[in-house]
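# A closer look at the structure
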Amino acid sequence: MLATAEEWVKAGVTLLQYRNKVADAGVMLEQARAVRSLIVGQQSRTGAPAPDQHPASYSDVKLIMNDRADLCLAAEYDGVHVGQDDLSPESARRVVGVSRWLGLSTHNPEQVSVADQTSANYVAIGPVFATGSKANPDPVVGLEGIRRARELTRKPLVAIGGITRQNCQAVIEAGADSVAVISDLIREPGKSAEEFLRILG
Ligand code: 3NM
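What counts, and at which threshold
- Residues numbered from 1 in each chain as written.
- Predicted model: local features only at pLDDT ≥ 70, side-chain atom pairs only at ≥ 80, totals over all residues.
- Heavy atoms only, no water.
- Helix = DSSP H or I, 4+ residues; strand = E, 2+ residues; numbered from the N terminus.
- Rg over C-alpha atoms; globule rule 2.2 N^0.38 Å.
- Contact = heavy atoms within 4.5 Å.
- Areas by Shrake-Rupley, 256 points an atom, 1.4 Å probe, with all protein chains shown as cover.
- Lys, Arg positive; Asp, Glu negative; His and termini not counted.
- Charge placed at Lys NZ, Arg CZ, Asp CG, Glu CD.
- Near = heavy atom within 4 Å.
- Polar contact = N/O pair within 3.5 Å; in protein donor to acceptor, adjacent residues only side chain to side chain.
- Nonpolar A, V, L, I, M, F, W, Y, C, P; charged D, E, K, R; others polar.
- Buried < 20%, exposed > 50% of the residue type's maximum accessible area, 1.4 Å probe, protein only.
- Pairing = 2+ DSSP bridges.
- Axes fitted to C-alpha atoms, helices over the stretch in contact; angles between N-to-C directions.
- 1 Å grid on protein atoms, 1.4 Å probe; cavity = no way out; pocket = protein on both sides within 12 Å on 5 of 7 lines; lining within 4 Å.
- Points joined across faces, edges and corners; volume = space filled by probe spheres on them.

### A few points about the overall build of the protein chain
Of regular secondary structure, the protein chain possesses eight helices and seven strands. For the protein chain, whose C-alpha radius of gyration is 16 Å, the value lies close to the compact-globule estimate of 17 Å for 201 residues. A principal-axis box enclosing the C-alpha atoms of the protein chain has dimensions of 45 × 40 × 30 Å. Of the contacts made within the protein chain by residues no fewer than 6 positions apart, 51% connect residues no fewer than 24 positions apart. Per element, the accessible surface of the protein chain, about 10,400 Å² overall, is 52% carbon and sulfur. Averaging the positions of the 21 positive and the 24 negative side-chain charges in the protein chain gives two centres separated by 2 Å.

See the structure below:
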């Protein structure tokens, strides 16, 4: 996990989410802290980015904890991302405070409209395409789901679910501000992250 995270950051990825649906809270906290140490350790070791690193490396990286506002604070992350079955956005906000980021997952237009009225800093919409990375995913929303979501909120819109180097351009053109990706970033982490960033740059 740490080697993969390091490759992504060296390639120029500026936001990482720690997501773990199976481990105990103690293990999650330990792993999340290890990711943070990697980022913070590199910041303080390098100061300015080393020549072989992307200019955005390390100091610009935001760390987001999935689901758990308590672990966001305990691991000193920059924000928390909640789903429809987690703490409500305003409850999560009460835990993490006003300066940390709060992200909210949505899966249909009704949820996007509700999310727009919350204090969430960004809204995720998905799954855009079929995904094998999430248990019991909601129905796919397609590019049309992104277009509809774009009409319903001016908050930053993150598209997620089945997004690849092949389809990410179309996802942005449909109105997403950014993409969240698991499978197409895993096999060759550095190479695929560089390619995503080149395509979206
Ligand atoms: N959330 P991949 S889809 C974690 O619809 C997650 O909210 C989704 O993984 C949602 O890039 C998804 O491998 C999985 O499809 C994304």
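### Here we look at the site of the ligand
Near the ligand lie 13 residues; those nearest to it are T131, S133, G162, I182 and S183. Measuring from an oxygen atom of the ligand, one finds a backbone N or O atom of G126 at 3.3 Å. The side chain of S183 places a nitrogen or oxygen atom 2.3 Å from an oxygen atom of the ligand. When the free accessible area of the ligand is taken as 430 Å², the share hidden by the protein chains comes to 96%. Looking at side-chain class alone, the shell around the ligand contains four nonpolar, seven polar and two charged residues.

### Observations concerning unusual backbone geometry
Put simply, G126 and P127 share a cis peptide bond, and its omega is -5°. The phi angle at E76 is positive, at roughly 55°, despite the residue not being glycine. Accessibility expressed as a relative area gives 47% for E76, which makes it partly exposed. Of note, the phi angle at N136 is positive, near 50°, even though the residue is not glycine. Within the secondary structure, N136 is located in the loop between strand 5 (122–125) and helix 6 (142–152). The exposure class of N136 is exposed, given its relative accessible area of 72%.

### A short note on the sheet that holds strand 3 (residues 79–82)
Backbone hydrogen bonds are what pair the strands of a sheet, in a parallel or an antiparallel way. Here seven strands make up an open sheet; going across it, the order is 1-2-3-4-5-6-7 and the pairing parallel. The outermost strands of the open sheet, each flanked by one partner alone, are strand 1 (15–18) and strand 7 (178–180). Averaged over all pairs of adjacent strands, the angle between their axes in this sheet comes to 30°, without regard to strand direction. Summarising the sheet, strand 3 and strand 4 (residues 101–106) pair through four bridges and their orientation is parallel. Each residue of the ladder has a partner; that of V82, found in strand 4, is L104.

### Quick look at empty space enclosed by the protein
Using the criterion set out here, one finds one cavity of 30 Å³ or more in the structure. Taken together, R165, S183, D184, L185, I186, R187, E188 and S192 form the lining of the largest cavity. In the lining of the largest cavity, the residues fall into two nonpolar, two polar and four charged.

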